[in-house]
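Listed here are the chains, written in short residue letters.
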Amino acid sequence: MTPELEPQKIAAQLCQFARANFVAEGQVFDENSPLSKAGIDSFALVELLLFCERVLGVRVPDSHLTGANLASLSALARCIAELARPGAPAS
Amino acid sequence: MPDLPRQIRLAAGDYFMHAQDHGMRQAGLPGNVCCAVIHLDRGLDLDRLRRRIAGSPVMDWLARARLVRPLPLLPLVWRTSREREAIFFEHPDPNPGLETPWSRPAVVAKRELRAERGPGVTFDVVRHADGSSHLFLSWNHTLLDAQGLDLLLKYLNADGAANGAPTIEDFLNPEQDKSRGLAGWWPGAKLARGSLKWLGESGREPLFSLVPPEPPAGPRRNLQRVLRFTESETARIEARSRDLAAGFRRSHFFLAASIRALHALAVRRGNRDGAYLVPVPHDTRRHGAKGPIFSNHLSILFYRVEPRDAGRIRDIVGALSRQMADQIRDRFPQSCMAALHLCQWMPPGYYMRHLGKPTCGKVASLSFSDSGELCPGMTEWCGARILDVTHLVPCWRSPGLTILFYGFGNRLSAMLSWVDDCLGLVEVDRLERDARRALLEEEL
């Protein structure tokens, strides 16, 4: 699997997954919504990370699960894109 | 709103709650009945509340719903009775002049809310001399979960059809009422195998249990204590949670603190190698959804923490995070729910024995739940400002101890609920002290 490298495309995929699984219809939610206010709890976060592993081929190590990287799906997508670069330590 | 169906199938979580209710009553405990205590300031509009309860199709359905088994070996269903029982009661202040913050009237505490006889939900209002009120909303857990209660409160608070009248989908998950038929049995059985195998393997290793090995001698009592944290303590706990668990694993931090406190108690009881097995329910509704109000919409993760990892919060959080990822990857929650679903044809007593088999009847070392914020976004209810909310939950035997975390406003609370022959008062005092320390103090 060739990992996706563009943060915007990754963010769009994450957003689609979150909308389909965690966020109710009619709720305002996009790539820049704060994750903590969008119903992303520990369970949803793990589902999101497993989705990254399965579909994007990138494993996000615990050391990267910082407040900054989990601020929004855009921030998480930037982190994933960074990890997906060839030669990145945890990809 | 169109008519609600006269008959509704139970969700897998409902049957589990009903079997617990049955097991608790057999052990002489009050049933699986929860109570939300809502302290309101002087503005409560009782007429408006009475009108909302009397005129609401959802409340009408809840007041008439009875659990019936149509035929032996067929799963139980909810069916509405022609009789609508009273569900709204007013009481004089039980402690006029006393400074106790609140006291549940004996009539409320003793009322039996049986799913088979109904009603499964009641509202009791106590008006105090200063004009403030307490609303005691009691419900049999078979009917609703904590999130359903929040949604029910929101629905009752919304006046008028245009403002918050739910659709049938808001009341009931349509998937729940779809017939699965025999064709779904074999895939369900295959899916259920994973969680039963895991529990069986877990049960073969030593497990710590608070429950005495001998059956209870006579009726037991369910006791409760609420640990309240101030706003500054809550902020400290939140900060520790962020440091240890990157913010999103708040529940892991609370569970880790609970397990560390239980471990200290277990060590005092001489436990050396008994691991701590903790099932944790997770609400499956989507964020911001208006429903479903009715039924228990949960999935379950099981954590097993070895005593060697149970002395430090950081180690416990690490173990919980690893296990959570592994279990979600292995579809453990789906497997667990499939197992609960398959067993619905069993009578409740046999059902509980069957579910307890893999762990040799121990089932769990601790029952834990994090309800999150109670009444989120609600500042007033039926014209009165909400001053405080307390969530009282029953404790099952086994495990004999339940710890529930919940928040209201900017304050965190933890409720300890235990069975009197499983824990002594001195042990509960120590458990409280250890839990506070685990939540608030840095560890070395």
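Keep in mind the model is a prediction, meaning the values are calculated, not measured.

Procedures and definitions
- Residues numbered from 1 in each chain as written.
- Chains lettered and ligands numbered in written order.
- Predicted model: local features only at pLDDT ≥ 70, side-chain atom pairs only at ≥ 80, totals over all residues.
- Heavy atoms only, no water.
- Helix = DSSP H or I, 4+ residues; strand = E, 2+ residues; numbered from the N terminus.
- Rg over C-alpha atoms; globule rule 2.2 N^0.38 Å.
- Buried < 20%, exposed > 50% of the residue type's maximum accessible area, 1.4 Å probe, protein only.
- Areas by Shrake-Rupley, 256 points an atom, 1.4 Å probe, with all protein chains shown as cover.
- Lys, Arg positive; Asp, Glu negative; His and termini not counted.
- Charge placed at Lys NZ, Arg CZ, Asp CG, Glu CD.
- Contact = heavy atoms within 4.5 Å.
- Buried area = accessible area lost by both parts, 1.4 Å probe.
- Salt bridge = Lys/Arg side-chain N within 4 Å of Asp/Glu carboxyl O.
- Polar contact = N/O pair within 3.5 Å; in protein donor to acceptor, adjacent residues only side chain to side chain.
- Nonpolar A, V, L, I, M, F, W, Y, C, P; charged D, E, K, R; others polar.
- Pairing = 2+ DSSP bridges.
- Axes fitted to C-alpha atoms, helices over the stretch in contact; angles between N-to-C directions.
- 1 Å grid on protein atoms, 1.4 Å probe; cavity = no way out; pocket = protein on both sides within 12 Å on 5 of 7 lines; lining within 4 Å.
- Points joined across faces, edges and corners; volume = space filled by probe spheres on them.
- Phe/Tyr/Trp six-rings, centres within 6.5 Å; stacked < 30°, edge-to-face > 60°.

Caption draft 1: Geometry of the overall build of chain A. Counting secondary structure elements, chain A contains three helices and zero strands. Along the chain direction, N to C, the helices and strands of chain A fall in the order α-α-α. Here chain A has a C-alpha radius of gyration of 12 Å; the compact-globule value for 91 residues is 12 Å, and the two agree. Buried positions account for 47% of the 91 residues belonging to chain A. For chain A, the exposed surface amounts to about 4600 Å²; the carbon and sulfur share of it is 50%. Positive and negative side-chain charges of chain A, numbering 7 and 10 respectively, have mean locations separated by a distance of 4 Å.

Caption draft 2: The arrangement of the interface of chain B and chain A in detail. Taken together, the 16 residues of chain B in the interface contact 24 residues of chain A. Buried surface at the junction of chain B and chain A, summed over both partners, amounts to about 1800 Å²; 63% is from carbon and sulfur atoms. Of all residues in chain B, Phe248(B), Arg286(B) and His287(B) bury the most surface against chain A, accounting for 44% of the area lost on that side. Along the contact surface separating chain B from chain A lie one salt bridge. In this structure, Glu53(A) engages Arg329(B) in a salt bridge whose closest nitrogen and oxygen atoms are separated by 3.2 Å. For the interface between chain B and chain A, the tally reads seven residue pairs in polar contact (both at pLDDT 80 or more). Contributing elements (two or more residues each) for the side of chain B that touches chain A: strand 10 (298-305) and helix 10 (313-329) of chain B. When residues of the side of chain B that touches chain A are assigned to their parent elements, the largest contribution, four residues, is made by helix 10 of chain B. For the side of chain B that touches chain A, the per-class residue count stands at eight nonpolar, five polar and three charged.

Caption draft 3: Fine view of the sheet that holds strand 13 (residues 384-392) of chain B. Residue and element names in this part refer to chain B. Ordered in space as 5-6-7-2-13-12, the six strands form an open sheet in which the pairing is mixed. Two strands lie at the open edges of the sheet, namely strand 5 (88-91) and strand 12 (380-381), each paired on one side alone. Sheet topology places strand 2 (residues 33-40) next to strand 7 (residues 133-140); eight bridges connect them, and they run antiparallel. Paired with Val 33 across the bridge in strand 7 is Asn 140.

Caption draft 4: Structural detail: the sheet that holds strand 15 (residues 411-419) of chain B. Residues and elements named next belong to chain B. Ordered by their spatial adjacency, four strands build an open sheet running 8-15-14-11, and the pairing between neighbours is mixed. The two strands at the open ends of the sheet, each matched to only one other strand, are strand 8 (222-228) and strand 11 (367-373). Direction aside, neighbouring strands of the sheet carry axes that sit 15° apart on average. When strand 11 meets strand 14 (residues 401-408), the two strands line up parallel, connected through five bridges. Across the sheet, residue Phe 368 finds its bridge partner in strand 14, namely Ile 403.

Caption draft 5: Highlighting the layout of surface pockets. Residues and elements named next belong to chain B. Roughly 660 Å³ of internal volume is contained in the second largest pocket. At the level of secondary structure, the elements contributing two or more residues to the lining of the second largest pocket comprise helix 1 (12-26) and helix 12 (348-356). Broken down by element, the residue count for the lining of the second largest pocket peaks at six residues, all from helix 1. Here the lining of the second largest pocket is built from residues that sort into 12 nonpolar, nine polar and five charged.

Caption draft 6: Here's a closer look at the packing of aromatic side chains. All names here are of chain B. The final tally for this structure, using the stated rule, is 14 aromatic pairs over all chains. When the centroid spacing of 5.8 Å and the interplanar angle of 65° are considered together, the rings of Phe 208 and Tyr 276 count as edge-to-face. Here Phe 208 is found in the loop between helix 7 (185-204) and strand 8, whereas its partner Tyr 276 is found in strand 9 (residues 276-283), with 68 residues between them in sequence. The class for Phe 208 is buried, based on a relative accessible area of 7%.

Caption draft 7: Quick look at helix 3 (residues 57-64) of chain B. Within helix 3 of chain B, the full set of buried residues consists of Val58(B), Met59(B), Trp61(B), Leu62(B) and Ala63(B). Between the side-chain oxygen of the N-cap and the backbone nitrogen of Val58(B) there are 3.2 Å, and the N-cap of helix 3 of chain B in question is Ser56(B).

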